[in-house]
Amino acid sequence: MATVEERAEPGRKKVSEEVLRDFFREMLLIRRFEEKVEERFRAGELPGFLHVAIGQEAVATGVCSALALEDVFASTHRAHGHSIAKGTPAKKIMAELYGKTEGCSGGYGGSMHLYDLSVGNLGANAVVAGGLPGIVGAALAFQMRGEKRVAVAFFGDGATNTGTFHESLNLAQLWRVPAIFVLENNGWAESTPAVQQLPLPVDQMGKRAAAFGMKLIEADGQDVEAVYLAALAAREHALAGKGPVLLHLRTFRLTGHFVGDPQVYRDRDELKQERETKDPLRLLGARLDLSDGDFASVDADVTAEVEAAVEFAKAGTDPKPEDALKYVYA
Amino acid sequence: MATVEERAEPGRKKVSEEVLRDFFREMLLIRRFEEKVEERFRAGELPGFLHVAIGQEAVATGVCSALALEDVFASTHRAHGHSIAKGTPAKKIMAELYGKTEGCSGGYGGSMHLYDLSVGNLGANAVVAGGLPGIVGAALAFQMRGEKRVAVAFFGDGATNTGTFHESLNLAQLWRVPAIFVLENNGWAESTPAVQQLPLPVDQMGKRAAAFGMKLIEADGQDVEAVYLAALAAREHALAGKGPVLLHLRTFRLTGHFVGDPQVYRDRDELKQERETKDPLRLLGARLDLSDGDFASVDADVTAEVEAAVEFAKAGTDPKPEDALKYVYA
Amino acid sequence: MPELTYREAVRDALAQALRADENVFVMGEDIAEMGGSMAVTQGLLEEFGPTRIRNTPISEMAIVGSGIGAAIQGMRPIVEIMYEDFLTLSMEQLVNQAAKHRTMSGGQVKVPLTIRTQGGAGWSPGAQHAQQLEAWFVHVPGLKVVFASTPQDVRGLLWSAIYDDNPVIFFEHRTLYPIKGEVPSELEPIPLGEARVHREGTDVTVVATGRLVHESLRAAEEAERDGISVEVVDPRTLLPLDEDTIVGSVRKTTRCVTAHEAVARGGFGSELAAVIQHGAFDWLDAPIERIGAKFAPLPFAPAMEQWVVPHAAEVLEAIRRTVARS
Amino acid sequence: MPELTYREAVRDALAQALRADENVFVMGEDIAEMGGSMAVTQGLLEEFGPTRIRNTPISEMAIVGSGIGAAIQGMRPIVEIMYEDFLTLSMEQLVNQAAKHRTMSGGQVKVPLTIRTQGGAGWSPGAQHAQQLEAWFVHVPGLKVVFASTPQDVRGLLWSAIYDDNPVIFFEHRTLYPIKGEVPSELEPIPLGEARVHREGTDVTVVATGRLVHESLRAAEEAERDGISVEVVDPRTLLPLDEDTIVGSVRKTTRCVTAHEAVARGGFGSELAAVIQHGAFDWLDAPIERIGAKFAPLPFAPAMEQWVVPHAAEVLEAIRRTVARS
Ligand SMILES: Cc1ncc(C[n+]2csc(CCOP(=O)(O)OP(=O)(O)O)c2C)c(N)n1
Ligand SMILES: Cc1ncc(C[n+]2csc(CCOP(=O)(O)OP(=O)(O)O)c2C)c(N)n1
Ligand SMILES: [Mg+2]
Ligand SMILES: [Mg+2]
């Protein structure tokens, strides 16, 4: 387990209320965005295969707020939140989900392949752990060129079972590259609970860092301030040339694995309880002691942004069929 | 690090002198066998790609002596010692190296693919870590059928960098199958020293077990008694249904990576010193206080066995070219 | 004859094989409680329990590799790789281990392992969830390769794959799971290595696999209205290949189109074309036309996706092109 | 013109590329102090230092994947996979990542990565150290595939691969490292996608790659003694393929043999045959003969090994078969 110093304790208040309010707004934007995605999918408007991260917003906002514009990241199948939090306008993401040329990947990627090089999004990946080796390489490039930038990989607890995870962290640590590996541990890999897929207890996944002698930093993934502070510490460590960090964040997936997932495998009561006690927006709202009016005004604001994103997306341009061949080679 | 109880301390004498003498004989047989392989390769008699394990004989003998006939194992490119120690007659191995139908793989395998199902040799593997997943599956079969057998994988420190290693140990631990993972840590992967390929200090490779919550047992790989006791303990643990074991043995490769390797990358003095202080045969000989006469008589005995193996091999049958197609399908 | 969906037919073969032989077991990601990401294994956990219906961690190399190890010990594991795109993660075990153990051991080892997987475009999954990679495995001696296109075939072939003593890579097509078809009331194993003539014809042979079998049958009906008589053959087993039936058909019709969803370049259609031009050289009246996906990673936007992968229209055009040659 | 071995030619291209552009670096297993398992990278560590000549742990997925990541950041990494058999361990990164990033990102991303690897039989390594797997990659849009057979080609093509903005899989053949050949005194880049006509002829075209280029040239000389005039073409770049040169040659000669060391079934020769039968249908006077390894994992014993992989004799027989057709 990480030492106490390495933990960004939930109680340690270091972030101003103003900043926390900004976090709240962004997390609510992500929440409303994804709720809209679910709604539009059910309405039959969105093609493809969609995964939302409802319940995990504090991870996206906390980590990405700790990054600079020139820092880069790779995401997963559950990428909307990370992408919004790193600075891609919601409308460009929505346009991507609608398959429009105005989308952040020009309509070529879809939900599982959101890219935006202008803000350092090197691409979401539909192959579990598929983005990790590339992050090692990006960090290596920064190291070789002496650039003060970090490369960040998001991935889930399920991903820690892959050989790709192991090889990536191993190489990163060997070469001490400035990479941060963000383990977004929601205790599920699709329908498979921690106990069926992880040989370690779900809360002890940080032990995986020991296999590489890698710096471990852990925080409560539902507490955006803790996540933010932990990510700042991780970035500092990496930029100081001390090597990569495994940033272990325990979080909760408060919805299905994919949009439309009936979750037959999941205990209803437990889910209900998690929704009541683990929702990062509720937790932050309570902490900020937001009045109903405050909340309503933020909500109206982000809801309008999401609606505008849908309008933008729907008004977008469909690619021409033969544009499929446009980017096979550079 | 493993607790003291988990270590088979070198000083703890539990094995009778008679048994140790048997160990000595077998280790010397392996040594003479591999020296002969080097000689015959240089003489141009042996085709293919050969790797000897001179310096690592205590691992082969110590581990395999702790196994029952019905236990199975998978080996690596450095497989002669394991194969002899598990009970395949030297002559069948030599015949394989000569590419004869009398060889343990019928001339189809060669040095990197020694098989002998009759003694539980599931095959040496020329792909680093390639044999590990199969060992998990063999152990799973034993578990499902309630058979009291263990499945053993040999591999090197270099192999612990592979994704295959990680996935295999992870799955084995998750399912608590009766497998033993024998990490034969000689501190080299071909020409690449530990410091260039392992993010952990070479003596701390046992920490890799922590990533899975796996039982770790460590012993001095140059001390055959320690290896034997450690392997017995590992087998007991696995057979008791307590799950797999990582058996970490620090050992020394007292020769090149492959037969013919000029070792341009290696410090001569260090190698010389290792040959003087780390040779498991010298160490065991000293401990047994073997007289010159004793030694000479054992040596004559095993040398004769090796010579007979060469005779047997040379007198063997060459496969017919078109036999290549014989075993493509079952 | 009862009717089953393709999905039910796969499930039925699995269930019957599990009942028939206790050495059979199933493992893969999310195949237990959830019944697999394609709902194929639904209900198996309830009947056969968690020892024989095993959820695995996300580790395709270990899934395939542990299947190999169990198979060598006399089990008949059926492993599921959720999307065939993820076969890329287990190539080492498939190609260097499963395919080679038998030869490398001089015949000591058998690997009675079945690897079920699925893929296919048509639902906008993007570039990493819809590849068709069967051609790679046809290049690997020691493997068998099956690609089934109907409920009857998928059931009979899967049974044979499970009871074959060799590693079999068994491809299913995602868009076929809901299709219905008649099946014999008792499961009839279909031997590996036998093609199926879906439709007899005299002017052109279309050799098609997977989803394209159905597209080709549609194209054949269209063509018939123009007076073109099309024979549609599905190899079903891609390795070993039933060359006799395929070449025999083209010798009869003198024209040939190959059709699959995989990228045309380097695809299984190339192997077919190579075999057919050789075996039916003196009979051929037109160059063999290959239909397959256009040369691009599959884009997300539906308009581009639909354009990249082939449909009945492309097969029909190719049929017409071959017939236009005198 | 100076003479270099194939090995020296590869090394020279690497050294010159490293000198020309500081974004170029090399990584792989044992490439530094030892100079690579084929001694290709010998001396590079001394000249360029350990930051640019990097030994890696045994982790083919991470090696390729970190190469991809560095390439996207504007580096030009050259990664070495020691034996192409181990490409099986990096297929996911090669096929799902390197090949697809550009399309999936709608053109935002470039992956100027070179993956050097080698393989080939003829030295009794057994089944896991001598496969020829180039055909798989020809099936993957977004990759380029090169297979060079002479010192001059390997140098000029490797340079182009390194400076290409796409991922290029660059195959070398183990048994060619010691061969010598003349090279231009200044390195002349050879554009990717251009075949080389090694020898002009009028009766048969042999399209060969890798070691089989040399075997085919030998066979051609033999054939000439029988009065058969053989044209030998090496595509050099397998993807994209120079169809014009290849098809044009067969239109001229009217007969064709394809030759490579890889297993014939599902090999690159099948793709060639499919393309050629289509493009030269009206010209062909004989079926295209495919020469490749026989259908077996490579056995260890030399007699079996030599029988499995093809040599000049098999090419010659195939040439004779095509000419025997009137
Ligand atoms: C290599 C690979 N195997 C399987 C899948 C199918 N799959 C998609 S997401 C997922 C679960 C991932 O779990 P985790 O890494 O914990 O991320 P989470 O979904 O919980 O965010 C699986 C199995 C895949 N996309 N890639
Ligand atoms: C997957 C793979 N990568 C590379 C190689 C080439 N290779 C053969 S042995 C070896 C080093 C292995 O080191 P280790 O596992 O420590 O075993 P040792 O040789 O020390 O016994 C390498 C890199 C291989 N055979 N397989
Ligand atoms: Mg998860
Ligand atoms: Mg070693």
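Small disclaimer: the values here were computed from a predicted structure and weren't measured.

Draft legend 1. Quick peek at the overall build of chain C. Counting its secondary structure elements, chain C contains twelve helices and 14 strands. Taking 2.2 N^0.38 as the reference for a compact globule, 326 residues should give roughly 20 Å; the C-alpha atoms of chain C span a radius of gyration of 19 Å, in line with that estimate. In terms of overall dimensions, chain C has a C-alpha envelope of 60 × 45 × 40 Å along the principal axes. With 326 residues in all, chain C has 75% of them scored as buried. Sequence separation of 24 or more characterises 82% of the internal contacts of chain C that already satisfy a separation of 6 or more. Total accessible area on chain C stands at roughly 8500 Å², and carbon and sulfur atoms take up 46% of it. Distance from the positive charge centre (29 side chains) to the negative charge centre (44 side chains) of chain C: 2 Å.

Draft legend 2. Structural detail: the coordination of the magnesium ion (ligand 3). Distances from the magnesium ion (ligand 3) to its protein donors, Asp-157 of chain A (OD), Asn-186 of chain A (OD1) and Trp-188 of chain A (O), fall within 2.0 to 2.1 Å. Look at where the donors of the magnesium ion (ligand 3) fall in the sequence and you get D-x28-N-x1-W.

Draft legend 3. Spotlight on the coordination of the magnesium ion (ligand 4). Taken together, the protein ligands of the magnesium ion (ligand 4) are Asp-157 of chain B (OD), Asn-186 of chain B (OD1) and Trp-188 of chain B (O), with distances of 2.0 to 2.1 Å. Here the donor residues for the magnesium ion (ligand 4) map to a single chain with the spacing D-x28-N-x1-W.

Draft legend 4. Quick peek at the pairing of strand E3 (residues 151–156) of chain B. Residue and element names in this part refer to chain B. Extensive coverage of E3 is indicated by the burial of five of its six residues. Pairing of strand E1 (residues 72–75) with E3 involves three bridges; the strand directions are parallel. Within E3, the residue paired with Val-72 across the bridge is Ala-151. For E3 and strand E4 (residues 179–185), the ladder comprises six bridges, and the chain directions are parallel.

Draft legend 5. Spotlight on the interface of chain C and chain A. With 31 residues of chain C in contact, the opposing surface of chain A contributes 38 residues. It is Ile-58, Phe-300 and Met-304 of chain C that lose the most area in chain C upon contact with chain A, and together they represent 25% of the buried surface on that side. Summed over the shared surface of chain C and chain A, the result is zero salt bridges. At the junction of chain C with chain A, the criterion picks out ten residue pairs in polar contact (both at pLDDT 80 or more). Among the elements that take part in the side of chain C that touches chain A, helix H11 (residues 302–308) of chain C stands out by supplying five residues, more than any other. Classifying every residue of the side of chain C that touches chain A by side-chain character gives 21 nonpolar, seven polar and three charged.

Draft legend 6. Main features of the confidence of the model for chain A. Averaged over every residue, the pLDDT of chain A is 96; residues scoring 70 or more account for 96%. Overall, residues 1–5 of chain A carries pLDDT values under 50, and its contacts beyond four positions in sequence, including any with other chains, amount to seven contacts.

Draft legend 7. Structural context of the layout of surface pockets. There is about 440 Å³ of room inside the largest pocket. Lining the largest pocket we find 22 residues, and of these Ala-264, Glu-289, Arg-290, Ile-291 and Arg-321 of chain C sit closest to its centre. Going through the elements one at a time, strand E14 (289–293), H11 and helix H12 (312–324) of chain C together with helix H10 (268–279) of chain D are the ones with two or more residues in the lining of the largest pocket. Residues of the lining of the largest pocket, tallied by class, amount to ten nonpolar, three polar and nine charged.

Draft legend 8. Broad picture of the site of ligand 2. Within the structure, ligand 2 sits among 22 residues, and His-77, Arg-78, Ala-126 and Gly-158 of chain B together with Glu-60 of chain D are positioned closest to it. Measuring from an oxygen atom of ligand 2, one finds a side-chain N or O atom of Arg-78 of chain B at 2.7 Å. Measuring from an oxygen atom of ligand 2, one finds a backbone N or O atom of Trp-188 of chain B at 2.9 Å. In isolation ligand 2 offers 580 Å² of accessible surface; the protein chains occlude 97% of this area. Of the residues in the shell around ligand 2, the class split is ten nonpolar, six polar and six charged.

Draft legend 9. Broad picture of the side chain of Arg-211 of chain D. Residue and element names in this part refer to chain D. Among the secondary structure elements, Arg-211 is positioned in helix H8 (residues 211–225). Among the polar contacts listed, one links the side chain of Arg-211 to the backbone oxygen of Pro-310, at a separation of 2.9 Å. Not counting chain neighbours up to four residues away, the residues in contact with Arg-211 comprise His-173, Thr-175, Leu-176, Glu-261, Val-309, Pro-310 and His-311.

Draft legend 10. Examining the sheet that holds strand E10 (residues 204–208) of chain D more closely. Residue and element names in this part refer to chain D. Across the sheet, which stays open at both edges, the five strands sit in the order E9-E11-E10-E13-E14 with mixed pairing between neighbours. Each edge of the open sheet carries a strand with a single partner, namely strand E9 (196–199) and strand E14 (289–293). Across the sheet, the mean angle from the axis of one strand to that of its neighbour is 25°, orientation sign disregarded. The sheet contact formed by E9 and strand E11 (residues 230–234) spans three bridges and is antiparallel. Bridging across to E11, Arg-199 finds its partner in Val-232.

Draft legend 11. Spatial organisation of the site of ligand 1. Around ligand 1 sit 22 residues, and of these His-77, Arg-78, Ala-126 and Gly-158 of chain A together with Glu-60 of chain C come closest. Surrounding ligand 1 is a set of residues that belongs to chains A and C. In the model, a nitrogen atom of ligand 1 is placed 3.0 Å from a nitrogen or oxygen of the Val-128 of chain A main chain. At 2.8 Å from an oxygen atom of ligand 1 is found a side-chain nitrogen or oxygen belonging to Asn-186 of chain A. Coverage of ligand 1 by the protein amounts to 97% of the 570 Å² it exposes when considered alone.

Draft legend 12. Seen up close, the domain arrangement of chain C. Residue and element names in this part refer to chain C. What the domain assignment lists for chain C is domain 1 (3–182) and domain 2 (196–324). If you average the C-alpha positions of domain 1 and of domain 2, the two centres end up 26 Å apart. Listed as interface residues are 29 residues of domain 1 and, on the opposing side, 27 residues of domain 2. Both faces considered, domain 1 and domain 2 share a buried interface measuring about 2100 Å² in area, 60% of it formed by carbon and sulfur atoms. On the domain 1 side of the interface with domain 2, the three residues burying the most area are Ser-124, Val-138 and Phe-147, jointly 25% of the side's total. Applying the counting rule to domain 1 against domain 2 returns two salt bridges. Here Arg-196 ties to Asp-153 by a salt bridge, and the two come within 2.8 Å at their closest N and O atoms. Taken together, domain 1 and domain 2 are joined by 15 residue pairs in polar contact (both at pLDDT 80 or more). Of all the elements in the fold, those that place two or more residues in the side of domain 1 that touches domain 2 are helix H6 (134–138), strand E6 (144–147) and helix H7 (151–163). A class-by-class count of the residues in the side of domain 1 that touches domain 2 yields 16 nonpolar, ten polar and three charged.

Draft legend 13. The arrangement of the pattern of salt bridges in detail. All names here are of chain C. In this structure the tally under the stated criterion is 86 salt bridges over all chains. Here Arg-155 makes a salt bridge to Asp-12, at a shortest N to O gap of 2.6 Å. Of this pair, Arg-155 sits in helix H7 while Asp-12 sits in helix H1 (residues 6–20); the two residues are 143 residues apart in sequence, bridging distant segments of the chain. Classification of Asp-12 as partly exposed rests on a relative accessible area of 21%.

Draft legend 14. Up close: the relation of the copies chain C and chain D. It takes a turn of 180° to lay chain C on chain D, together with a shift of 0.0 Å along the axis; the resulting RMSD is 0.0 Å. In the structure described here, the two chain copies are related by an operation that fits a two-fold rotation axis.

Draft legend 15. Layout of the packing of aromatic side chains. Across all of its chains, the model carries 35 aromatic pairs over all chains by this definition. Ring geometry for Trp-136 of chain C versus Trp-136 of chain D: centroids 5.9 Å apart, planes at 35°, classification tilted. With Trp-136 of chain C in helix H6 and Trp-136 of chain D in helix H6 (residues 134–138), this pair bridges two chains. On the basis of an interplanar angle of 65° and a centroid distance of 5.6 Å, the ring pair of Tyr-6 of chain D and Tyr-177 of chain D is categorised as edge-to-face. You can see Tyr-6 of chain D sitting in helix H1 (residues 6–20) and its partner Tyr-177 of chain D sitting in the loop between strand E7 (168–173) and strand E8 (180–182), a full 171 residues away along the chain. You'll find Tyr-6 of chain D and Tyr-177 of chain D in the same group, each marked buried. Grouping aromatic residues by their ring pairs yields a cluster made of Trp-136, Phe-137, Phe-147 and Phe-171 of chain C together with Trp-136, Phe-137, Phe-147 and Phe-171 of chain D. Positioned above the aromatic ring of Phe-252 of chain A is the side chain of Arg-250 of chain A, whose terminal nitrogen or guanidinium carbon lies 4.5 Å from the ring centre. The ring of Trp-307 of chain D carries the charged tip of Lys-294 of chain D above its face, separated from the ring centre by 4.4 Å.

Procedures and definitions
Numbers given for residues are sequential positions, taken from 1 along each chain in its written order. Key to labels: chains lettered from A, ligands numbered from 1, both in the order written. In keeping with the predicted nature of the model, local features appear solely for residues at pLDDT of at least 70, side-chain atom pairs appear and are counted solely at 80 or more, and the whole-chain, interface and lining totals rest on all residues. Side-chain calculation: all heavy atoms of the structure are included, whereas hydrogens and water are not. Numbering of helices and strands runs from the N terminus; a helix is a DSSP stretch of H or I covering at least four residues, while a strand is a stretch of E covering at least two. Taken over C-alpha atoms, the radius of gyration is set against a globule rule of 2.2 Å times the number of residues to the power 0.38. Burial classes follow relative accessibility: with a 1.4 Å probe on protein chains only, a residue under 20% of its type's maximum area counts as buried, one over 50% as exposed, and anything between as partly exposed. Any two residues whose heavy atoms approach within 4.5 Å are treated as being in contact. Here the accessible surface of atoms and residues is derived via Shrake-Rupley with a 1.4 Å probe, and residues count as covered only by protein chains that are part of the display. For the purpose of counting charges, residues Lys and Arg are taken to be positive, whereas Asp and Glu are taken to be negative. His and the chain ends are not included. To locate a charge, take NZ of a lysine, CZ of an arginine, CG of an aspartate or CD of a glutamate. Water is not among the atoms examined, so metal sites may look incomplete; donors are the N, O and S atoms within 2.8 Å of the metal, or within 3.2 Å for Na, K and Ca. DSSP calls a pair of strands paired once it identifies at least 2 bridges connecting them. A quick way to say it: buried area is the sum, across both parts, of accessible area lost when two parts are put together, with a 1.4 Å probe. We define a salt bridge as a contact between a side-chain nitrogen of Lys or Arg and a carboxyl oxygen of Asp or Glu at a distance within 4 Å. Counted as a polar contact is a pair of N or O atoms within 3.5 Å, where, for protein atoms, one must be capable of donating a hydrogen and the other of accepting one, and residues adjacent in sequence contribute only when both atoms are in side chains. Gly falls in the polar group here, along with every residue not listed as nonpolar (Ala, Val, Leu, Ile, Met, Phe, Trp, Tyr, Cys, Pro) or charged (Asp, Glu, Lys, Arg). The quantity known as pLDDT measures the predictor's confidence residue by residue, on a range of 0 to 100. The pocket and cavity definitions rest on a 1 Å grid over protein atoms only: a 1.4 Å probe that fits but cannot leave marks a cavity, an open set with protein on both sides within 12 Å along at least five of seven lines marks a pocket, and residues lining either have an atom within 4 Å of a point. Grid points are joined across faces, edges and corners, and a volume is the space filled by probe spheres set on the points. Any residue with a heavy atom lying within 4 Å of a molecule or strand is counted as near it. Throughout, an axis means a line fitted to C-alpha atoms (over the contacting stretch in the case of helices), and angles, computed between N-to-C directions, take values from 0 to 180 degrees. Those domain boundaries reflect an automatic or database domain assignment. Least-squares superposition of the copies uses the C-alpha atoms of those residues scoring a pLDDT of at least 70 in each of them. A pair of aromatic rings is counted whenever rings of Phe, Tyr or Trp (Trp by its six-membered ring) have centres within 6.5 Å, and the orientation is called stacked for planes under 30 degrees apart, edge-to-face for over 60 and tilted otherwise. The criterion for a charge sitting over a ring is simple: Lys NZ or Arg CZ within 6 Å of the ring centre, and within 35 degrees of the ring normal.

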